[in-house]
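Topology and contacts: notes
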Amino acid sequence: MTAQKNSLSVALFSVLFGLIIGAIIMLVFGYNPIAGYMALLGSAFGSMQDIGGVLTQMTPLILTALGFTVAQTAGFFNIGLSGQALAGWVGAVWYSLSFPNMPIYLMIPSALIIGAGLGALAGAIPGWLRAQFGASEVIVTIMMNYILLFLGNNILQNTMSKGIKESAETTKQVGANASLQMKWLTDLTQGSSISAGIFISLIMIVVIWFIMTKTTLGFEIRAVGLNPDAAKYAGMSAKRNAVVAMAISGGLAGLAGTIEGLGNYLNFFTQNGSPAIGFDGMAVALLGGGSYLGVLGAAAILSVLKIGGLGMPMSSGVPFELVDIVTASIIFFVGASYLIKLMQARIKAMDEKAAQTAEAKKLANVGSDNDNNQKGGE
């Protein structure tokens with residue numbers, strides 16, 4: 001409980017300091033920080049369409065952040081979330097367009113499973129290499145981001161049939177049988193691209209929490225992450241759990257990419273770089289501090305910053321790039337959590353010292369009163 005409170009306080013201080021840094025930068029360049037932040041909030045919550053945009057932005061961030069958290073719990077640093085998401089995105093869209101007449105009750109579950117499965121495969125490979133040969137998962141996942149990026153573009157341009165492509169650079173949109181968009185949600189949010197993916201991501205928070213805290217598998221993954229040698233001595237397979245943890249992590253990222261393809265964009269197109277949802281998901285996970293509810297809150301904060309920042313230039317003249325500075329500052333302070341904890345410790349020490357001084361004065365006054373009463377009695 002204490003650790004969770006510390007993580008929450010670090011996250012809150014990090015957000016506060018990040019906003020302060022952004023305000024200082026706005027002042028330095030002649031912008032009004034109050035007007036800037038009011039424009040940001042207005043753009044994020046000004047209409048149902050804006051709120052729909054925030055929820056759309058949150059959806060893949062929750063899933064990639066959960067994936068990073070699972071890998072981190074097992075002692076791994078999964079940098080390959082972007083590539084794993086891309087694998088799920090390409091595979092799910094390709095599959096959906098290849099079977100345009102499949103009933104929706106078969107198409108949706110199978111497409112989600114295929115997308116998550118491809119992401120899991122992309123995550124299991126670096127996990128297996130780490131378990132078998134001690135290869136650094138950081139280097140392997142970074143390299144796989146490029147492999148999956150160029151492989152996805154090549155599949156689109158040279159492998160997919162012409163019948164499912166709109167042009168050499170983009171596919172056709174998936175049919176109604178594969179779309180995760182729901183009419184009542186679209187109407188409620190005034191035409192935003194929100195989809196059933198938001199419900200899937202919320203369900204996955206509960207599922208991953210249950211797996212990691214209430215099952216033997218989750219216990220073994222946490223044990224391996226805390227102390228591989230002790231876990232091995234207790235009869236747990238560190239190698240098997242390494243592969244499983246990275247597969248779960250990649251599967252969640254692949255699910256995020258699938259929802260982007262079937263819920264947000266409804267197609268696949270040539271990518272100039274790895275999807276940002278992977279790296280943003282890492283930021284969400286770090287800000288969430290290992291808490292599953294923290295992931296939800298952090299995803300909401302970063303989504304509000306990104307969607308709200310789009311309206312800042314028009315409303316207040318503040319450049320959109322300032323949002324990236326604020327986000328980077330927040331992550332910097334999360335990374336520098338030692339400084340925040342040190343500051344908290346000093347504040348606590350000062351409070352305790354002040355309390356001790358006050359108590360000492362109180363005792364001294366009581367002693368003085370007792371002496372006076374004793375003399376009066378004599």
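Residues numbered from 1 in each chain as written. Predicted model: local features only at pLDDT ≥ 70, side-chain atom pairs only at ≥ 80, totals over all residues. Heavy atoms only, no water.

With an unreviewed UniProt entry as reference, the chain is termed ABC transporter permease, source organism Leuconostoc aquikimchii.

**Description of the overall build of the chain**
Check the secondary structure of the chain and you find 16 helices and 0 strands. C-alpha atoms of the chain, sized along the principal axes, occupy 110 × 60 × 35 Å. Out of the 378 residues belonging to the chain, those deemed buried represent 47%. Partitioning the contacts of the chain with sequence separation of at least 6, the portion at a separation of at least 24 is 76%. For the chain, the computed accessible surface area is about 18700 Å², with 67% contributed by carbon and sulfur atoms. Separation between the mean location of the 19 positive side-chain charges and that of the 17 negative ones in the chain comes to 8 Å. (Helix = DSSP H or I, 4+ residues; strand = E, 2+ residues; numbered from the N terminus. Buried < 20%, exposed > 50% of the residue type's maximum accessible area, 1.4 Å probe, protein only. Contact = heavy atoms within 4.5 Å. Areas by Shrake-Rupley, 256 points an atom, 1.4 Å probe, with all protein chains shown as cover. Lys, Arg positive; Asp, Glu negative; His and termini not counted. Charge placed at Lys NZ, Arg CZ, Asp CG, Glu CD.)

**Comments concerning the packing of aromatic side chains**
The relation between two aromatic rings is expressed through the spacing of the ring centres and the mutual angle of the planes. As enumerated under the stated definition, the model contains 9 aromatic pairs in all. Centroid distance Trp-89 to Phe-268: 5.7 Å. Interplanar angle 80 degrees. Geometry classified as edge-to-face. Here the residue Trp-89 occupies a position in helix H4 (residues 81–98), and Phe-268 occupies one in the loop between helix H11 (238–264) and helix H12 (276–288), the gap between them amounting to 179 residues. The buried category is assigned to Trp-89, whose relative accessible area is 3%. Grouped by ring-pair contacts, the aromatic residues Trp-89, Tyr-265, Phe-268 and Phe-269 constitute a single cluster. (Phe/Tyr/Trp six-rings, centres within 6.5 Å; stacked < 30°, edge-to-face > 60°.)

**Digging into the packing of helix H5 (residues 104–133) against helix H6 (residues 137–159)**
It is the contact of H5 with H6, at a shortest axis distance of 10 Å, that shows an interaxial angle of 145 degrees. Viewed along their axes, H5 and H6 form a crossing whose handedness is right-handed. Here Ala-122, Ile-125, Pro-126, Leu-129 and Arg-130 of H5 lie close against H6, whose contacting residues are Glu-137, Val-140, Thr-141, Met-144 and Leu-148. (Axes fitted to C-alpha atoms, helices over the stretch in contact; angles between N-to-C directions. Left-handed = near helix turned anticlockwise from the far one by under 90°.)

**Here we look at H4**
Look at H4: 26 Å from first C-alpha to last across 18 residues, which is about the 26 Å you get at 1.5 Å a residue. With 16 of 18 residues buried, H4 lies mostly within the body of the structure. (Expected span 1.5 Å × (residues − 1).)

**Observations regarding a nonpolar patch on the surface**
Side chains of Met-48, Trp-184, Leu-188, Phe-199, Leu-202, Ile-203 and Val-207 sit close together on the surface and give an oily, nonpolar patch of about 620 Å² of accessible area. Those elements giving two or more residues to the nonpolar patch turn out to be helix H7 (183–188) and helix H8 (197–214). Per-element accounting of the nonpolar patch gives the leading share, 4 residues, to H8. Structurally, Ile-203 is set in helix H8. Taking relative accessible area as the criterion, Ile-203 reaches 52% and is therefore assigned exposed. (Patch = residues over 30% accessible without salt bridge, like charges linked within 9 Å, V, L, I, M, F, W, Y side chains within 5 Å. Salt bridge = Lys/Arg side-chain N within 4 Å of Asp/Glu carboxyl O.)

**Description of the side chain of Lys-165**
Inspection of the secondary structure assignment puts Lys-165 in the loop between H6 and H7. For the buried residue Lys-165, which engages in no salt bridge, the nearest side chain bearing the opposite charge is Glu-169, 8.7 Å off. Every residue in contact with Lys-165, bar those within four places of it in the chain, is listed here: Leu-156, Gln-157, Met-160, Thr-170, Thr-171 and Lys-172.

**Some remarks on helix H2 (residues 33–45)**
Taking 1.5 Å of rise per residue, 13 residues should cover 18 Å, and H2 covers 18 Å from first to last C-alpha, within 8% of that figure. Restricting attention to buried positions, one finds in H2 the residues Pro-33, Gly-36, Tyr-37, Ala-39, Leu-40, Ser-43 and Ala-44. The buried residues of H2 all sit within an arc of 155 degrees when viewed along its axis, so they share a single face. Opposite the buried face of H2, at more than 90 degrees from it, the exposed residues are Ile-34 and Met-38. Regarding H2, its N-cap is Asn-32, as a side-chain oxygen of that residue lies 3.0 Å from the backbone nitrogen of Ile-34 further along. (Arc of directions from axis to C-beta. Polar contact = N/O pair within 3.5 Å; in protein donor to acceptor, adjacent residues only side chain to side chain.)

**Description of the nonpolar core**
Most often, soluble globular proteins keep nonpolar side chains buried together rather than apart. By size, the foremost hydrophobic cluster in this structure holds 82 residues, and its most contacted members are Leu-66, Met-204, Ile-208, Leu-255, Val-284 and Leu-287. It is helix H3 (residues 48–73) that provides the largest number of residues to this core, a total of 10 residues. Other than its neighbours up to four places away in sequence, Met-204 contacts Leu-63, Leu-66, Leu-252 and Leu-255. Ranked by size, the runner-up nonpolar core spans 5 residues in total, among them Ala-87, Ala-122, Met-144 and Leu-148. (Core = buried A, V, L, I, M, F, W, Y, C linked by side-chain atoms within 4.5 Å.)

**Considering the side chain of Ser-201**
Mapped onto the secondary structure, Ser-201 falls in helix H8. Apart from residues no more than four positions distant in its own chain, Ser-201 is found in contact with Thr-59, Ile-62 and Leu-63.

**Describing the pattern of salt bridges**
Following the criterion strictly, the structure yields 4 salt bridges and no others. The shortest N-O distance in the salt bridge between Glu-137 and Arg-130 comes to 2.4 Å. Residue classification places Glu-137 among the buried residues on the basis of a relative accessible area of 6%. Among the residues examined, Arg-130 registers a relative accessible area of 31% and is labelled partly exposed. Between Lys-183 and Asp-187 there is a salt bridge; the shortest N-O distance is 2.7 Å. Of this pair, Lys-183 and Asp-187 both sit in helix H7, 4 residues apart, which is roughly one turn of that helix. Take Asp-187: its relative accessible area is 46%, and that puts it in the partly exposed class.

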